[in-house]
Amino acid sequence: VLVSKKICINVDGCFWHGCKKCYKEPKSNRKFWKQKIERNRRRDRLQDRFLKINGWRIIRVWEHEIKRNLDKTVMKIIKIINHIINFI
């Protein structure tokens, strides 16, 4: 969180947030996990809405982005932050 600039950076775990590229449904207790992932997604949407209403900017990256290419992901975040700061 960059409090002075009201920027929030979230890293979403591919399993816990149901990444469309990486998520694999567990073989057991499927109903529980489906509901759990959906609750996480719903909470993310509500949190994003709350933050936006209160003037925050949100940057979201997926766990797989960091695992595949940390440097590229960091540069992506820096580029977005610079863009936001130039328009504040």
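Notes on the structure follow. Note that this is a predicted model, so its numbers are computed, not measured.

1. Brief notes about the overall build of the protein
Within the protein, the regular secondary structure consists of three helices and two strands. Secondary structure elements in the protein, listed N-terminal to C-terminal, are β-α-β-α-α. On C-alpha atoms alone, the protein measures out to a radius of gyration of 15 Å, which is more than a quarter above the 12 Å that the 2.2 N^0.38 rule sets for 88 residues. If one aligns the C-alpha atoms of the protein with their principal axes, the spans along those axes are about 50 × 30 × 15 Å. Residue burial in the protein is summarised as follows: out of 88 residues, 27% are buried. Looking at the protein alone, contacts between residues at least 24 apart form 61% of all its contacts between residues at least 6 apart. By element, 57% of the accessible surface of the protein is carried by carbon and sulfur atoms, the whole surface being about 6800 Å². Between the averaged position of the 24 positive side-chain charges in the protein and that of its 8 negative side-chain charges there is a distance of 3 Å.

2. Structural notes on helix α1 (residues 30-53)
For an α-helix, 3.6 residues make a turn, and residues three or four places apart therefore share a direction. If you check α1, its first and last C-alpha atoms are 35 Å apart, about what 24 residues at 1.5 Å a residue would give, namely 34 Å. Those residues of α1 not exposed but buried are Ile37, Asn40, Asp44, Asp48 and Leu51. Tucked into the core, α1 has its buried residues touching β1 (7-12) and β2 (57-62).

3. Examining unusual backbone geometry
The phi angle at Lys6 is positive, at roughly 55°, despite the residue not being glycine. One can find Lys6 in the segment before β1. Phi is positive for Asn29, close to 55°, though the residue is something other than glycine. With respect to the secondary-structure elements, Asn29 resides in the loop between β1 and α1.

How each quantity is defined
Here, residues in each chain are numbered from 1, in the same order as that chain's written sequence. Where local features are concerned, this predicted model is filtered to residues with pLDDT of at least 70; where side-chain atom pairs are given and counted, the filter is 80 or more; whole-chain, interface and lining totals use all residues. Each side-chain value is derived from all of the structure's non-hydrogen atoms; neither hydrogens nor water enter the calculation. Runs of H or I in DSSP of at least four residues are treated as helices and runs of E of at least two as strands, each being numbered from the N terminus. Radius of gyration: C-alpha atoms only; globule rule: 2.2 Å multiplied by the number of residues to the exponent 0.38. The classification of residues rests on relative accessible area computed with a 1.4 Å probe and restricted to protein chains. Under 20% of the type maximum is buried, over 50% is exposed, and intermediate values are partly exposed. The contact criterion used is simple: two residues touch if any of their non-hydrogen atoms lie within 4.5 Å. All accessible-area figures derive from a Shrake-Rupley calculation using a 1.4 Å probe, and residue coverage is judged against the displayed protein chains alone. Asp and Glu are treated as the negative residues and Lys and Arg as the positive ones, with His and the ends of the chain left uncounted. The atom standing in for a charge is NZ when the residue is Lys, CZ when it is Arg, CG when it is Asp and CD when it is Glu. Each residue after the first adds 1.5 Å to the expected span of a helix.

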